[in-house]
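# Coordinate inspection notes
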Amino acid sequence: MEKKQEITYGKPFYRRVLTLFGRSVLGSFLGAIFVVIIGMALNSTFLKVVAQSISIIMFVGIIYATAWNEGDKDKNLVGFGRIKEDKLKGVKLGAIVMIPYMLSGVLLVLGLLGITTDLQAIYRIIHFQILVILNELMEAAKSSWNGLIFGTLYYLSVPIASGVGYYLGYKRIAVLNKIMYGKQPTGADKK
């Protein structure tokens, strides 16, 4: 008997994870470059925090857009019966992508607990794209715990943005188009 070879459709899950992780690293890198360029030109801490906030929006936007495209593609594959529907796929992808970032927090906790040498410098290098805010939080309380909490909250944006992006992509709701172009006229509205 001849064994049938099963055909898979779409990218395997691990490739989707790698794609999203690569885009998150790209978002971090672009955010860091933005902060460095703007940071050199600005002397005000407030303006540096504003630049850092824009960097965060860039990071989240890249993750959202990547997940939106995955959801949009999966809608077609589900429609043709090629894959099973999984509306939480974006959250799952984001949760896995968040793991390497969260592991860097383990380094900081080990340093704060005195198990290893203080690793604030390494933590700050890894999280360079949010460095200004981290520095302000760490210096304000004279503690790295605030930086760890902010870093954790920051990287929780990964599964949130990928979950929302995937779901909206699956539903084919283009938020950016609605923001930029407003309400699109329907056939009854056109004259």
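Residues numbered from 1 in each chain as written. Predicted model: local features only at pLDDT ≥ 70, side-chain atom pairs only at ≥ 80, totals over all residues. Heavy atoms only, no water.

Across its full length, the protein chain holds seven helices and zero strands. Listed by position from the N terminus, the elements making up the protein chain come as α-α-α-α-α-α-α. Here the protein chain, with 191 residues, has 34% of them falling under the buried criterion. Sequence separation of at least 24 residues holds for 73% of the intrachain contacts in the protein chain that already meet a minimum separation of 6. (Helix = DSSP H or I, 4+ residues; strand = E, 2+ residues; numbered from the N terminus. Buried < 20%, exposed > 50% of the residue type's maximum accessible area, 1.4 Å probe, protein only. Contact = heavy atoms within 4.5 Å.)

Scanning the model with the defined rule gives seven aromatic pairs in all. Here the aromatic rings of Tyr154 and Tyr155 are separated by 4.7 Å at their centres, their planes lie at 70°, and the arrangement is edge-to-face. Through a chain of ring-to-ring contacts, three or more aromatic side chains come together here, namely Phe21, Phe59, Tyr101, Tyr154 and Tyr155. (Phe/Tyr/Trp six-rings, centres within 6.5 Å; stacked < 30°, edge-to-face > 60°.)

Right, let's talk about helix 2 (residues 45-79) for a bit. With 35 residues, helix 2 should cover 51 Å at 1.5 Å per step; its first-to-last C-alpha distance of 51 Å lies within 8% of that length. Of the residues one or two after helix 2, Gly81 is the one with positive phi, at around 75°. (Expected span 1.5 Å × (residues − 1).)

Between helix 2 and helix 6 (residues 145-171), whose axes approach to 6 Å, the crossing angle comes to 30°. One element, helix 2, and the other, helix 6, form an angle in the roughly parallel class. Judged by the twist between their axes, the crossing of helix 2 over helix 6 is right-handed. (Axes fitted to C-alpha atoms, helices over the stretch in contact; angles between N-to-C directions. Parallel < 35°, antiparallel > 145°, perpendicular 65-115°, else oblique. Left-handed = near helix turned anticlockwise from the far one by under 90°.)

Their axes nearest at 7 Å, the elements helix 3 (residues 89-112) and helix 6 cross at an angle of 170°. Looking at the two axes, helix 3 sits roughly antiparallel to helix 6. Residue composition of the contact of helix 3 with helix 6, grouped by class: 16 nonpolar, six polar and one charged. (Nonpolar A, V, L, I, M, F, W, Y, C, P; charged D, E, K, R; others polar.)

Bringing unusual backbone geometry into the picture now. Non-glycine residue Arg172 carries a positive phi angle of around 60°. Secondary-structure assignment places Arg172 in the loop between helix 6 and helix 7 (175-181).

Here we take up the pattern of salt bridges. For the coordinates displayed, the defined rule picks out six salt bridges. A salt bridge links Asp74 to Arg16; the shortest N-O distance between them is 2.6 Å. Taken together, the residues span a long stretch of sequence, with Asp74 in helix 2 and Arg16 in helix 1 (residues 13-41) at a distance of 58 residues. Classification of Asp74 as buried rests on a relative accessible area of 0%. Using a relative accessible area of 5% as the deciding quantity, one classes Arg16 as buried. Note that Lys87 and Glu85 form a salt bridge whose closest N and O atoms lie 3.9 Å from each other. Residue classification places Lys87 among the partly exposed residues on the basis of a relative accessible area of 30%. Among the residues examined, Glu85 registers a relative accessible area of 47% and is labelled partly exposed. (Salt bridge = Lys/Arg side-chain N within 4 Å of Asp/Glu carboxyl O.)

With 86% of its residues at a pLDDT of 70 or more, the protein chain shows a mean pLDDT of 81. No element of the protein chain has a lower mean pLDDT than helix 5 (residues 131-141), which averages 69, and none a higher one than helix 2, which averages 89. (pLDDT = per-residue confidence, 0-100.)

Turning to the environment of Leu108, a few remarks are in order. Within the secondary structure, Leu108 sits in helix 3. Take Leu108: its relative accessible area is 0%, and that puts it in the buried class. Leu108 sits 37 residues away from Trp145 along the chain, and the two C-alpha atoms are 8.6 Å apart.

Moving on: the nonpolar core. Core analysis: the largest hydrophobic core is formed by 20 residues, its most contacted members being Phe59 and Tyr155. Broken down by secondary-structure element, the contributors of at least two residues to this core are helix 1, helix 2, helix 3, helix 5 and helix 6. Broken down by element, this core gets its largest block of residues, six residues, from helix 6. Here Phe59 is in contact with Ser24, Gly27, Ser28, Tyr101, Tyr154, Tyr155, Ser157 and Val158, once residues within four sequence places are set aside. (Core = buried A, V, L, I, M, F, W, Y, C linked by side-chain atoms within 4.5 Å.)

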